[in-house]
Amino acid sequence: VVAHPDDAEVGCAGSVAKWTKEGREVTYVIVTNGDKGSGDRTMTSERLVRIREEEQQNAARVLGVERVEFLGYPDGEMENSREVRRDVVAQIRQWRPYLIVTQSPFRTSNLFASHRDHRATGDAVLDCVYPLARDHLSFPELIARGLEPHKIREVYLMWQEDPDTVIDISETLDLKLKALACHRSQFGDFADFEKRVRERSAELGKAKGYAYAESFKRIAIPR
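Novice: How should the packing of helix 6 (residues 173-181) against helix 7 (residues 190-206) be read in this particular structure?
Specialist: Helix 7 packs onto helix 6 with a crossing angle of 145° between their chain directions and a minimal axis gap of 11 Å. For helix 6 against helix 7, the interelement crossing comes out right-handed. Judged by residue contacts, Leu173, Asp174, Lys176, Leu177, Leu180 and Ala181 of helix 6 engage Phe190, Phe193, Glu194, Val197, Arg198 and Ser201 from helix 7.

Novice: Hey, could you run me through the packing of aromatic side chains in this one?
Specialist: Two descriptors summarise a pair of aromatic rings, namely the distance from one centre to the other and the angle between the planes of the rings. Summed over all chains, the structure comprises five aromatic pairs. Through successive ring pairs, a cluster of aromatic residues spans Trp19, Tyr156 and Phe216. Positioned over the ring face of Trp95 is Arg67, at 3.8 Å from the centre of the ring.

Novice: Explanation requested: the pattern of salt bridges in the structure shown.
Specialist: Should the charged atoms of two oppositely charged side chains come close, the side chains can pair. The final tally for this structure, using the stated rule, is 19 salt bridges. Between Arg67 and Glu25 there is a salt bridge, with the nearest N and O atoms lying 2.9 Å from each other. Of this pair, Arg67 sits in strand 2 (residues 67-73) while Glu25 sits in the loop between helix 1 (7-21) and strand 1 (27-32), and the two are 42 residues apart along the sequence. Of the charged contacts in the structure, one is a salt bridge between Lys36 and Asp35, with a shortest N-O distance of 3.0 Å. What emerges from the salt-bridge pattern is a single network uniting Asp35, Lys36 and Glu77.

Novice: Is there a simple way to think about the side chain of Gln91 in this case?
Specialist: Here Gln91 shows up in helix 3 (residues 82-95). Residues within four places of Gln91 in sequence aside, it is in contact with Val29, Glu69, Leu71 and Arg96.

Novice: Explain the pairing of strand 4 (residues 154-158) to me, please; I cannot follow it from the model alone.
Specialist: For a regular strand, side chains alternate in direction, first toward one face of the sheet and then toward the other. Extensive coverage of strand 4 is indicated by the burial of five of its five residues. Where strand 3 (residues 99-103) and strand 4 come together, five bridges link them in parallel fashion. Residue Leu99 lies in a different strand from strand 4, and its bridge partner there is Glu154. With five bridges joining them, strand 4 and strand 6 (residues 213-220) adopt antiparallel strand pairing.

Novice: When you look at the sheet that holds strand 3 in this model, what are you seeing that I'm missing?
Specialist: Two modes of strand pairing occur in sheets, parallel and antiparallel, and in both the strands are linked by backbone hydrogen bonds. The strand order 3-4-6-5 describes an open sheet built from four strands, whose pairing is mixed. Edge positions in the open sheet fall to strand 3 and strand 5 (165-168), since each of these has one partner strand only. Recorded for the sheet is a direction-independent mean angle of 35° between the axes of neighbouring strands. Strands strand 3, strand 4, strand 5 and strand 6 of the sheet are contacted by helix 1, whose axis makes an angle of about 85° with strand 6. Contacting strand 3, strand 4 and strand 6, helix 4 (residues 116-132) runs over the sheet at an angle of about 150° to strand 3.

The rules behind these values
Residues numbered from 1 in each chain as written. Predicted model: local features only at pLDDT ≥ 70, side-chain atom pairs only at ≥ 80, totals over all residues. Heavy atoms only, no water. Axes fitted to C-alpha atoms, helices over the stretch in contact; angles between N-to-C directions. Helix = DSSP H or I, 4+ residues; strand = E, 2+ residues; numbered from the N terminus. Left-handed = near helix turned anticlockwise from the far one by under 90°. Contact = heavy atoms within 4.5 Å. Phe/Tyr/Trp six-rings, centres within 6.5 Å; stacked < 30°, edge-to-face > 60°. Lys NZ or Arg CZ within 6 Å of the ring centre and 35° of its normal. Salt bridge = Lys/Arg side-chain N within 4 Å of Asp/Glu carboxyl O. Buried < 20%, exposed > 50% of the residue type's maximum accessible area, 1.4 Å probe, protein only. Pairing = 2+ DSSP bridges.

Encoded structure:
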């Protein structure tokens, strides 16, 4: 569950590709429509939404992601509101995942990772994981739609400064880069961006002896 189209590719695409290769089912939930993310002065928000949805669908296909759900909230205006929580809980109850990967709700020294939409999304998702998705008295209107409570077992937070979980993506880094390249509207000089992704992934893998890695802060939810 991430704020914008392309956030999942930046933060966890190597891990996603690894999981789908292992036969795991992955669903993307994109909370905002990405309608502000352009430096092109001729671009309109309406056109950008269509472009970014198509880019996200293409990237998901590269990674073997089963489905992409777009919640459609405005880019740059994300709030941890009842409406957002209800819509995220609906997704959790519908797809009933074991693990959720989302963004950190905490501001870090990485200004880009700490985008307000990222923090608000992570905050809302954690509220949904516990206790809202679990409790049948939360959002009774979802029960009326047949969306029964569900308990998540693990959460991985992306872009934390103190990660405790490192995943080897040496065999899937090329797929991550191929998926990132689908987001053409977001990367002017992709060669430079690819270089930075490789360098960062190598740095994350160094301590474990992996050529390339992604890292997360893991939250285990007791039974």
